[in-house]
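Structural characterization, general
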Amino acid sequence: MPAAPNRRMVAVVLLIPVVVTLALWAFAWPAARIAPRHLPVGIAGSAPAADRLQQQFERHGDAFEIHRFGDGTAARTAIEDRVVYGAVLITPKGPQLLTASAASPMVAQLLREAVTTQDLAGSQVRVTDVVAAPAGDPRGSALGASILPLAIAGVAAGSAVTMLRLRGGRAAGALIGVAALVGIAAAALTDSWLGAITGDWWTEAGALGLTVLAIGATVAGLAALIGPSGVGIGALLMVLLGNPFSGITSAPELLPRPLGVIGQLLPPGAGGSLLRSVAFFDGSAAGDAALTLGLWAAVGLTAVLIGGRRRTPPAATAPAPGAPAAALAG
């Protein structure tokens, strides 16, 4: 009947433009609306001067979230612990800006511009990069580009497990094995070869592998529970939403709200934050991201194991030609 092919043709004609429109919105809109939104910044120094500087920052509305520190040492510690992205010190020699380009080169540049436009008694602002981005990736381009391949690897692993009809323990074992090997390969590429990340090698490999596992297990788990359409849903969630909402190329606080928050609750965003923490900050502020990835991986693998318990009932065996009627009746 021609009706069914016609419906499929109409579905294809309508579905692809919808997906493309969604992709353009997810990637282009956040990039076009980059601006600080409650960006954590520190101020340290004597009260009168520090109070005036805080008031100047507050003129920007909700752009900055101000943290006050007693001295430069406390401000540096807060930057190294990923509590703030940078801090302004009021010193007898003039103002000093502390940044962390490893946390986000874009935020470091934004803070330089913001501080130099403040009225700081005409003083020249000295800039110190407390946690600098590595020489192999000073602009964070390689780190920012690493999340999409991880998302694709996770979706590919979940799709392969589904298409090959691996079930239960075999499916879970395949997903874990793929994640482990991808983590090792990605660490070898980004750390050993490119020098884009500079932390503990095996910890970085673990963070990369956990990101792939969380994505792959989610895709395979959805497919195990609702069928092959789960692969498409998982791919849309992880690639078309999770990747642009991750904030890895800028910072979650620079994305329109609530996209930055949503992105950190999805594996690509959590994976990017975890990788940055273990690569440059000795694991500081890595707990939330690791917990998020662990939950996605655990739930996904549980769904894979539950789906593996389902067995398609065997089809009725057709009788052999010429079989006696009595045998068929029996």
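The notes below deal with the structure included here. (Residues numbered from 1 in each chain as written. Predicted model: local features only at pLDDT ≥ 70, side-chain atom pairs only at ≥ 80, totals over all residues. Heavy atoms only, no water.)

Time to look at the packing of helix H8 (residues 201-226) against helix H12 (residues 287-308). For the pair H8 and H12, interaxial distance at closest approach is 7 Å and the crossing angle is 35°. Of the two possible hands of crossing, H8 and H12 adopt the one that is left-handed. Here Leu210, Thr211, Leu213, Ala214, Ala217, Thr218, Ala220, Gly221, Ala224 and Leu225 of H8 lie close against H12, whose contacting residues are Ala290, Leu293, Trp296, Ala297, Gly300, Leu301, Ala303, Val304, Ile306 and Gly307. Of the residues assigned to the contact of H8 with H12, the class counts are 15 nonpolar, five polar and no charged. (Axes fitted to C-alpha atoms, helices over the stretch in contact; angles between N-to-C directions. Helix = DSSP H or I, 4+ residues; strand = E, 2+ residues; numbered from the N terminus. Left-handed = near helix turned anticlockwise from the far one by under 90°. Contact = heavy atoms within 4.5 Å. Nonpolar A, V, L, I, M, F, W, Y, C, P; charged D, E, K, R; others polar.)

A few words on the side chain of threonine 292. Here threonine 292 lies in helix H12. Here threonine 292 falls in the buried class, since its relative accessible area comes to 15%. (Buried < 20%, exposed > 50% of the residue type's maximum accessible area, 1.4 Å probe, protein only.)

Counted under the stated rule, the structure contains one cavity of 30 Å³ or more. Roughly 40 Å³ of internal volume is contained in the largest cavity. By residue class, the composition of the lining of the largest cavity is seven nonpolar, two polar and two charged. (1 Å grid on protein atoms, 1.4 Å probe; cavity = no way out; pocket = protein on both sides within 12 Å on 5 of 7 lines; lining within 4 Å. Points joined across faces, edges and corners; volume = space filled by probe spheres on them.)

A few words now on the packing of aromatic side chains. A complete count under the given rule lists four aromatic pairs for this structure. Look at tryptophan 25 and tryptophan 29: their rings are 5.9 Å apart centre to centre, the planes differ by 15°, and that puts the pair in the stacked class. With tryptophan 25 and tryptophan 29 both in helix H1 (residues 3-32), this residue pair falls four residues apart, about one helical turn. Since its relative accessible area comes to 31%, tryptophan 29 is described here as partly exposed. With a centroid separation of 5.9 Å and 85° between ring planes, the pair formed by tryptophan 25 and phenylalanine 245 is classed as edge-to-face. Of the two residues, tryptophan 25 sits in helix H1 while phenylalanine 245 sits in the loop between helix H9 (229-242) and helix H10 (259-265), which places them 220 residues apart along the sequence. (Phe/Tyr/Trp six-rings, centres within 6.5 Å; stacked < 30°, edge-to-face > 60°.)

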